[in-house]
Structure formats: C-alpha cells, structure tokens
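If you want the building blocks of each chain, they are given just below.
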Amino acid sequence: MAYKISEDCIMCGACADECPVNAITEGDGVYVIDADSCIDCASCADTCPVGAPSEA
Ligand code: SF4
Ligand code: SF4
C-alpha cells in the first residue's frame, strides 16, 4: 500500500523534501507519489499542512 496525495494539495512542496526515498514529485496541480517507490513511512502525511497524503 502506497500513500496517495488528494486534490487538497496546495503544492507547497514540504512533503517532497521529507520523503526518504524521493517518491514525491511535482505533478499537474497536485504533488504525486510514485507508488512503486513509496515505503509507507507516513512522513509526508505528518508534514502536510492540509492533510492531503493518505494511505491509498
Ligand atoms: Fe515518501 Fe513516506 Fe510519503 Fe511514501 S509515505 S511518499 S515514502 S514520505
Ligand atoms: Fe501538497 Fe501537502 Fe505535499 Fe504540500 S505537503 S505539496 S500540500 S501534499
């Protein structure tokens, strides 16, 4: 199970800086998590100011 970022993302970039495996990149309107790279550490969810990342 990888984490997924919802449409609530405000593109602040904080989660990408915290991800230990660099699974998060800037997408079109929202940041995007590469499901194959994500190790379910939850750092992105803990860091996000709007609660956009959650377990898919
Ligand atoms: Fe990266 Fe961890 Fe978030 Fe997965 S759960 S995208 S590994 S910060
Ligand atoms: Fe989007 Fe949250 Fe990541 Fe900021 S921390 S880019 S709002 S998912």
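Quick caveat: nothing in here was measured; it's all calculated off a predicted structure. (Residues numbered from 1 in each chain as written. Chains lettered and ligands numbered in written order. Predicted model: local features only at pLDDT ≥ 70, side-chain atom pairs only at ≥ 80, totals over all residues. Heavy atoms only, no water.)

Explain the site of ligand 1 here, please?
Contacts to ligand 1 come from 13 residues, most closely from Cys 19, Cys 38, Cys 41, Ala 42 and Cys 44. Residues belonging to the shell around ligand 1 are distributed by class as follows: 11 nonpolar, 1 polar and 1 charged. (Near = heavy atom within 4 Å. Nonpolar A, V, L, I, M, F, W, Y, C, P; charged D, E, K, R; others polar.)

Please explain the site of ligand 2 as it appears in this structure.
Taken together, 14 residues lie near ligand 2, and Cys 9, Cys 12, Gly 13, Cys 15 and Cys 48 sit nearest. Classifying every residue of the shell around ligand 2 gives 13 nonpolar, 1 polar and no charged.

Got a minute to help me understand the environment of Ser 6 in this structure?
Inspection of the secondary structure assignment puts Ser 6 in the loop between β1 (3-5) and α1 (14-18). Expressed as a C-alpha distance, the spacing of Ser 6 and Val 50, which sit 44 residues apart in the sequence, is 9.9 Å. Residues contacting Ser 6, with those up to four places away along its chain left out, are Val 30 and Ala 52. (Helix = DSSP H or I, 4+ residues; strand = E, 2+ residues; numbered from the N terminus. Contact = heavy atoms within 4.5 Å.)

Any chance you could explain the nonpolar core here in plain terms?
Side chains of nonpolar character tend, in soluble globular proteins, to be buried together. Of all hydrophobic cores here, the largest spans 17 residues; its most connected members are Ile 5, Ile 24, Tyr 31 and Ile 33. Counting only elements with at least two residues in this core, the list comes to β1, α1 and β3 (31-33). Filtering out sequence-adjacent residues up to four positions away, Ile 24 remains in contact with Ile 5, Cys 15, Ala 16, Cys 19, Tyr 31, Val 32, Ile 33 and Cys 44. (Core = buried A, V, L, I, M, F, W, Y, C linked by side-chain atoms within 4.5 Å. Buried < 20%, exposed > 50% of the residue type's maximum accessible area, 1.4 Å probe, protein only.)

Please explain the environment of Cys 48 as it appears in this structure.
For Cys 48, the position within the fold is in the loop between α2 (43-47) and β4 (53-55). Separated by 12 residues in sequence, Cys 48 and Asp 36 have C-alpha atoms that sit 21 Å apart.

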